[in-house]
Amino acid sequence: MPSLKAIKKRIGSVKNTRQITKAMKMVSAAKLRRAQDNIIAARPYARKMEEVLQSLACCAEGDRHPLLEVREAKRLLLLVVTSDRGLCGGFNANLCKAADRFIREKKSEYEEITLMTLGRKGYEFLKNRHTVTKNYPNLISKPNYQTAALLAREIIEGYEGEQYDQVIILYNAFKTVMSQDITFQQLLPVVPPEAEAASLDEGQVEYIYEPSVRELMDEIVPKNIEVQIFKAMLESVAAEHGARMTAMDSASKNASEMIGKLTLQYNRARQAAITKELMEIISGAESIKG
Amino acid sequence: MAEKMKLEIVTPYSKVLDEPVDEVTATGKLGEFGVLPGHAPLLTSLNIGELCYKQDGVTSCMALNWGYFEVRDDRIIVLVQTAERADEIDLERAKAALGRAEAKLKELSPEDKNFKVYEAALERALVRMQVASKAARK
């Protein structure tokens, strides 16, 4: 049995840990709220964008936009969005494993798979297993539209230059605070959002297009990709803070439990020491009497 | 005019405006245009420019940065990267940006990749100043 002093020291250190995890939980909770607000603010934009794209896509049948064209998928670009920091439960690990599995399974289907990572954790995991062409660290901690737009432009350039025929983004979608959804989303070629049959029948309005459908498409399709990347970044950040909050919450709980157990052990040890001392005194007294 | 249109201005960061209005004027790719209630469905892209809307006889303006404009059933949806109200514009900052952009443009040749970037910056600064000065005059 460890000595009294050792147990006391242990309790102290666990208490310190608990303090840290509690503080981290609070910080994540605050950041989560902000991230959630950002998503909610960005959603109408993304939704409207989709609506417009949809109404454009159904009218522009004969005149296919290069980014909408489905080519034979030989080269794939996989963009993996993770976080820069750890201590958020299975958030990064699950996503990295999914990416790893995906690459292994699909390796035979494609001639070449290019990997790009957003976030340090994903890069560190994947670089040892596969070749990561490019990493963008420090982008994900503060997502803003400009960086998403820059990234989108780079990807579109690569796509138009036929470096890859298909682009998939992999990220954790924010479902609830407790759970994240690992999401594979195809960015390119653009899959026009499917119009529901009902809305097509009644909602088929003849628009006046200015300057022309083609020119509008030229602008809107790349914008849509920017928006999708931006959305994925926001989702991932919110999911990260959610995951960290839950992880830190359970860590704090475990620490409290451990403190309870250690205190019990400490008290037992103390009791045992007292009993032992008493026994010694009593037996000493007995032997003098006898 | 009893009829009103619903004007929504949405950016990636927030919904800037959602109000009934009487009249909207905006700068499109092909020039300035106005929209009144009962307009036919229209989809157009916007340049960097100002957007003014009239609401009960009061005209307000905003500085917009790239976006597009959809009219359908008296509902106007404007999707833009940024939208600033006249009173939100920092005139000093806009002036400084204008100076910076001008200086850069003088240095660069028109073929430079960054030329367009600074040209857009210049335009944005000009529009901001224009919108802000309109508000100040009122």
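How each quantity is defined
Residues numbered from 1 in each chain as written. Chains lettered and ligands numbered in written order. Predicted model: local features only at pLDDT ≥ 70, side-chain atom pairs only at ≥ 80, totals over all residues. Heavy atoms only, no water. Helix = DSSP H or I, 4+ residues; strand = E, 2+ residues; numbered from the N terminus. Contact = heavy atoms within 4.5 Å. Areas by Shrake-Rupley, 256 points an atom, 1.4 Å probe, with all protein chains shown as cover. Lys, Arg positive; Asp, Glu negative; His and termini not counted. Charge placed at Lys NZ, Arg CZ, Asp CG, Glu CD. Domains from an automatic or database assignment. Disulfide = S-S within 2.5 Å. Buried < 20%, exposed > 50% of the residue type's maximum accessible area, 1.4 Å probe, protein only. Buried area = accessible area lost by both parts, 1.4 Å probe. Salt bridge = Lys/Arg side-chain N within 4 Å of Asp/Glu carboxyl O. Polar contact = N/O pair within 3.5 Å; in protein donor to acceptor, adjacent residues only side chain to side chain. Pairing = 2+ DSSP bridges. Axes fitted to C-alpha atoms, helices over the stretch in contact; angles between N-to-C directions. Nonpolar A, V, L, I, M, F, W, Y, C, P; charged D, E, K, R; others polar. Phe/Tyr/Trp six-rings, centres within 6.5 Å; stacked < 30°, edge-to-face > 60°.

S.K.: Even after reading the chapter, I still don't get the overall build of chain A, so can you show me in this structure?
M.R.: Summing up its helical and strand segments, chain A has six helices and six strands in all. The C-alpha extent of chain A, read off along each of the three principal axes, is 115 × 40 × 30 Å. By sequence separation, contacts in chain A at least 24 residues apart represent 78% of the contacts at least 6 residues apart. Of the roughly 15,800 Å² of accessible surface on chain A, a fraction of 52% belongs to carbon and sulfur atoms. Looking at chain A, you have 42 positive and 37 negative side-chain charges, and the mean spots of the two groups are 19 Å apart.

S.K.: Got a minute to help me understand the domain arrangement of chain A in this structure?
M.R.: The parts lose accessible area when they come together, and the size of an interface is often stated as this lost area. Once the domains are mapped, chain A shows domain 1 (4–21 + 248–289) and domain 2 (28–246). Between the C-alpha centres of domain 1 of chain A and domain 2 of chain A the distance comes to 54 Å.

S.K.: Explain the state of the cysteines to me, please; I cannot follow it from the model alone.
M.R.: A covalent bond between the sulfur atoms of two cysteines is what we call a disulfide. Throughout the structure, instances matching the rule amount to one disulfide over all chains. The partner cysteine of Cys52 of chain B in its disulfide is Cys61 of chain B, sulfur to sulfur 2.2 Å. Its S-S torsion of about 90° marks the bond between Cys52 of chain B and Cys61 of chain B as right-handed, since a negative value means left-handed. With respect to burial, Cys52 of chain B and Cys61 of chain B carry one shared label: buried. With no disulfide of its own, Cys88 of chain A has Cys96 of chain A as its nearest cysteine by sulfur position, at a separation of 10 Å. For Cys88 of chain A, a relative accessible area of 2% translates into the label buried. By relative accessible area, which is 2% here, Cys96 of chain A ends up buried.

S.K.: Quick question: what am I supposed to make of the interface of chain A and chain B here?
M.R.: Of the residues lining the interface, 25 residues belong to chain A; the matching set on chain B comes to 24 residues. Counting the surface lost from both chain A and chain B, the interface buries some 2,400 Å², and carbon and sulfur atoms represent 63% of this. On the surface where chain A and chain B come into contact, there are two salt bridges. There are five residue pairs in polar contact (both at pLDDT 80 or more) connecting chain A and chain B.

S.K.: How should the side chain of Thr44 of chain B be read in this particular structure?
M.R.: Relative to the elements of secondary structure, Thr44 of chain B occurs in strand β5 (residues 42–55). Overall, the relative accessible area of 0% leaves Thr44 of chain B in the buried class.

S.K.: Can you help me understand the sheet that holds strand β3 (residues 134–136) of chain A in this one?
M.R.: All names here are of chain A. If you walk across this open sheet you meet the five strands as β3-β2-β1-β4-β5, and the pairing is mixed. Of all strands in the sheet, those bounded by a partner on one side alone are β3 and β5 (180–188). Direction aside, neighbouring strands of the sheet carry axes that sit 20° apart on average.

S.K.: Sorry if this is basic, but what is going on with the domain arrangement of chain B here?
M.R.: Residues and elements named next belong to chain B. Taken domain by domain, chain B holds domain 1 (5–86) and domain 2 (89–137). Using only C-alpha atoms to locate each centre, domain 1 and domain 2 end up separated by 22 Å. Taken together, the contact pairs 11 residues of domain 1 with 11 residues of domain 2. Buried area between domain 1 and domain 2, summed over both chains or domains, comes out near 940 Å², and the portion from carbon and sulfur atoms is 61%. When the area that domain 1 buries against domain 2 is broken down by residue, the three leading residues are Ile48, Glu50 and Ala86, summing to 55%. In this assembly, domain 1 and domain 2 are joined by one salt bridge. For Arg128, the salt bridge goes to Glu84, with nearest N and O atoms at 2.6 Å. Inspection of the region where domain 1 meets domain 2 yields three residue pairs in polar contact (both at pLDDT 80 or more). Of all the secondary-structure elements, those providing two or more residues to the side of domain 1 that touches domain 2 are β5, β6 (58–72) and β7 (75–85). When the residues that make up the side of domain 1 that touches domain 2 are grouped by side-chain class, the tally is six nonpolar, two polar and three charged.

S.K.: Can you walk me through the pattern of salt bridges in this structure?
M.R.: Any two side chains of opposite charge can pair, given that their charged atoms come close. Residues and elements named next belong to chain A. Within this structure, the stated rule accounts for 23 salt bridges over all chains. We note a salt bridge from Asp249 to Lys25, for which the minimum N-O separation is 3.2 Å. Placement of the pair is Asp249 in helix α6 (residues 213–289) and Lys25 in helix α1 (residues 4–59), with a sequence separation of 224 residues. Relative accessible area serves as the criterion here: at 25%, Asp249 is assigned to the partly exposed category. For Lys289, the salt bridge is made with Glu286, and the minimal N-O distance between the two is 3.9 Å. Of this pair, Lys289 and Glu286 both sit in helix α6, three residues apart, which is roughly one turn of the helix. Since its relative accessible area comes to 69%, Lys289 is described here as exposed. On the basis of relative accessibility, which here comes to 48%, the residue Glu286 falls in the partly exposed class.

S.K.: Any chance you could explain the packing of aromatic side chains here in plain terms?
M.R.: The relation between two aromatic rings is expressed through the spacing of the ring centres and the mutual angle of the planes. Scanning the entire structure with this criterion turns up five aromatic pairs over all chains. Centroid distance Phe230 of chain A to Tyr13 of chain B: 5.8 Å. Interplanar angle 75°. Geometry classified as edge-to-face. Residue Phe230 of chain A is located in helix α6, and its partner Tyr13 of chain B is located in the loop between β1 (5–10) and β2 (15–21); the two belong to separate chains. With relative accessibility at 3%, the residue Phe230 of chain A sits in the buried group. On the basis of relative accessible area, Tyr13 of chain B is assigned to the partly exposed category, the value being 38%. Through a chain of ring-to-ring contacts, the aromatic side chains of Tyr45, Tyr145 and Phe230 of chain A together with Tyr13 of chain B assemble into a single cluster.

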